[in-house]
Amino acid sequence: MKFHRKFKKYGNLSDKQTFELLRERAKRLEGVCYINYMAHIESSISSNPRVFWSFIKGKRKGFSFPSCMKHLNVSSTSGPEISSMFSEYFYSTFLQSNPGSIQVDNNLQPDTSAPLADIASVEVSGDMVCKLLESLDLNKSAGPDKLPAVFLASCSKSLSVPLSILFKRSLVEGVMPSLWKSAFISPIHKNGPKNIIGNYRPISKLCLIAKIFERIVYDQVYASLKLTFNSQQHGFLKKRSTVSNLIVFNEFITSQMDNGNQIDAVYTDYSKAFDRIDHEMLLKKLISAGIRGDLFRWFKSYISNRTQSVVLNGYTSTWKSIPSGVPQGSLLGPLLFIIFTNDIDVCFNNSQFLLFADDMKVFRVVNSPEDSALLQDDLNKLNTYCRVNRLDINVSKCFSISFGRKRSMFTSTYNINNQSISSCNEIRDLGVIMDSKLLFNNHIDKIVKKAYKLLGFLIRSCKNFNLMKSIKIIYCSLVRSNLEYASQVWNPRYGAYISKIESIQKKFVRYLCYKFKIPRRSYEYHCNQFHLLPLEIRRQAADITFLTKIAQNSVDCPDLLEKIDIFVPERQLRHKSLLHVPLVHTNYRQNSFLLRASRSFNVLSVDFLDLDIFCSNARSICYYLTNKFSTSI
């Protein structure tokens, strides 16, 4: 710029030549730096994905939060005022009841018979604390105690002994330090206009030392109570997931539809379920669950007198006391919620139900007004249960749906708290769109549409990438994962749907061939060349893998385990199939998970005799299917 100004001022040609020379050198150096920067991003994708997302975030324009925010007809552009408005909104969601101490008799005995579990203390050792400190994610920022993960992990050996002493004293005295019960709250946008505070939900950041303490308590309490948890609860429990929840539900529906029955299901929704747990009732249920002595007094201190403060764009609101709920962002919060709702099964004498945390569906066969009345009776009991336990059901977000393929479906109207529940023909259930005929065509259309958008984002973002491995990692984690979530539930049978899903990976393969100047050949050849199995085969691998996990108790679901039938022939056969696949009347039942996975397992076990449903793991199953695919090309 100096020589450019001199040339403009004096018109000296030597100044112009010097300027052009320096400009060329700067451009060359800028290009080299950018190439090195992109190489660093590519090489860090597998080890530190945050670098890639920081690069993407830097290319986007605008701020996370609008400069002007609104709440209850009040607008503000001031940072401190906006953080206070968020704090007031999040505080308003709590259950306002009797602020002050929680009056629960430590000697209180449950009304029911003796609990199956009995735990009064937790063991803490320096080795436990040291191991947890060393396993901290170093990218985690500090909580209200201002202690970052880097410091705690680096000083793990020195801190393990004093921290273990503090933890032991806290448990013996039944007192959780106040600082460890405080949390910073960050607002995260859910949906709707970004300038409306009501469209945000809170994310809590707790002290890292408190989370380590919670991990020690959680592991031992969970081990003591795991046999007492309701088998219909699939959320926040080990060896259970959304997939196990959906498969149990899908198996029930398809088996009943195969017999010509209609199934009515009611999906319920709680208003701020985790925030509106009454502390006094929670403590009574902890006693009923079998938590006693010092540990009970510690839990009493743990949930009471908690505080939170909203942090937004460098501004911090005043601290607010939390009058109800379980701590969000904590390890013990979900466990406490499950304990609180563990007795909800008393409501359902006529129907079945499934839970994933606070998401619940109640269902039964309904072929007559009498069946409908029985389902309504259980909903009435549920309403009474929620009223007694001070849980608020948001009826406006509850829906009913009838599953069946009859020409004339029996129609029923259900209600909760004297309010009618809206009926629908399809509903989003734990990320999967369930339609009344279980075709899953709308679900497939939606995930394919989303996958095309993500693939376009990948192509734009990886324009300057030179490593195929890096691009494949982004594709597998961002695009392919979207196409494979819960595929055990909706795995299509018809070729039109299979081709529609496969078209995503075909486009990605064409993109790789174009970018890296690879001569075009068949899709199957390039899948083998790029070490990408076709999506149809990957769904087959997911079916067989989940089936083996059920048999090996890696998935804790007795309802599914009891339905796996071992084939015992009456006479010697040339080809033996391990699993029995029953004859059914309809295609949708034939394509249900257990029957489809059992058929796939039997076919694969013919080609690979080493395949064992009780020993083979996911890696070996993928290896067998990859070999079978490679030899078929």
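These notes cover the structure that comes with them.

Cut-offs applied
- Residues numbered from 1 in each chain as written.
- Predicted model: local features only at pLDDT ≥ 70, side-chain atom pairs only at ≥ 80, totals over all residues.
- Heavy atoms only, no water.
- Helix = DSSP H or I, 4+ residues; strand = E, 2+ residues; numbered from the N terminus.
- Polar contact = N/O pair within 3.5 Å; in protein donor to acceptor, adjacent residues only side chain to side chain.
- Contact = heavy atoms within 4.5 Å.
- Patch = residues over 30% accessible without salt bridge, like charges linked within 9 Å, V, L, I, M, F, W, Y side chains within 5 Å.
- Areas by Shrake-Rupley, 256 points an atom, 1.4 Å probe, with all protein chains shown as cover.
- Salt bridge = Lys/Arg side-chain N within 4 Å of Asp/Glu carboxyl O.
- Buried < 20%, exposed > 50% of the residue type's maximum accessible area, 1.4 Å probe, protein only.
- Pairing = 2+ DSSP bridges.
- Axes fitted to C-alpha atoms, helices over the stretch in contact; angles between N-to-C directions.

### Things to note about the side chain of Ser301
Right, on to step 1. Among the secondary structure elements, Ser301 is positioned in helix H11 (residues 293-303).
Right, on to step 2. A distance of 2.9 Å separates a polar atom in the side chain of Ser301 from the backbone nitrogen of Met176.
Right, on to step 3. If we ignore the near neighbours within four places in the chain, the residues touching Ser301 are Gly174, Val175, Met176 and Lys181.

### Some points on a nonpolar patch on the surface
Right, on to step 1. On the surface, a nonpolar cluster with roughly 260 Å² of combined accessible area is contributed by Ile566, Leu578 and Phe614.
Right, on to step 2. Take Leu578: it is sitting in the loop between helix H20 (558-561) and helix H21 (587-590).
Right, on to step 3. We classify Leu578 as partly exposed; its relative accessible area is 32%.

### With respect to the environment of Leu246
Right, on to step 1. Locating Leu246 in the fold gives a position in helix H9 (residues 242-258).
Right, on to step 2. Along the chain, Leu246 and Met434 lie 188 residues apart, while their C-alpha atoms are 9.9 Å from each other.
Right, on to step 3. Beyond its immediate stretch of four places on either side in the chain, Leu246 contacts Asp429, Leu430, Val432, Ala486 and Val489.

### Looking at the pairing of strand S11 (residues 399-403)
Right, on to step 1. Of the strand pairs in this sheet, strand S5 (residues 263-268) and S11 are connected by five bridges, and their pairing is antiparallel. Paired with Asp264 across the bridge in S11 is Ser402.
Right, on to step 2. Pairing analysis gives two bridges linking S11 to strand S14 (residues 422-423), with the strands arranged parallel. Residue Phe399 lies in a different strand from S14, and its bridge partner there is Ser422.

### Notes on the sheet that holds strand S9 (residues 352-356)
Across a sheet, paired strands are connected by hydrogen bonds in the backbone, their directions being either parallel or antiparallel.
Right, on to step 1. With mixed pairing, the five strands of this open sheet are ordered in space as S9-S10-S5-S11-S14. Whereas interior strands pair on both sides, the edge strands pair on one side only; in this sheet they are S9 and S14.
Right, on to step 2. Its contacts with the sheet put H9 on S5, S9, strand S10 (359-365) and S11, and the angle it makes with S9 is roughly 160°.
Right, on to step 3. Those strands touched by helix H13 (residues 369-388) are S5 and S10, and its axis lies near 155° from that of S10.

### Some words on the pattern of salt bridges
Right, on to step 1. Summed over the entire model, instances satisfying the criterion amount to 17 salt bridges.
Right, on to step 2. Between Arg276 and Asp392 there is a salt bridge, with the nearest N and O atoms lying 2.8 Å from each other. Of the two residues, Arg276 is situated in the loop between S5 and helix H10 (279-289) and Asp392 in the loop between H13 and S11; the sequence distance between them amounts to 116 residues.
Right, on to step 3. Residue class for Asp392 comes out partly exposed when judged on its relative accessible area of 32%.
Right, on to step 4. A salt bridge links Lys285 to Asp343, with the shortest nitrogen-to-oxygen separation between them at 3.3 Å. In this pair, Lys285 is assigned in helix H10 and Asp343 in the loop between helix H12 (332-340) and S9, connecting sequence segments 58 residues apart.

### Considering H11
Right, on to step 1. For H11, the set of buried residues is Leu295, Phe296, Trp298, Phe299, Ser301, Tyr302 and Ile303.
Right, on to step 2. Taken together, the buried residues of H11 touch helix H7 (156-173), helix H8 (208-225), H10, strand S6 (306-312) and H12.
Right, on to step 3. Downstream of H11 by one or two residues, Asn305 has phi in the positive range, about 55°.

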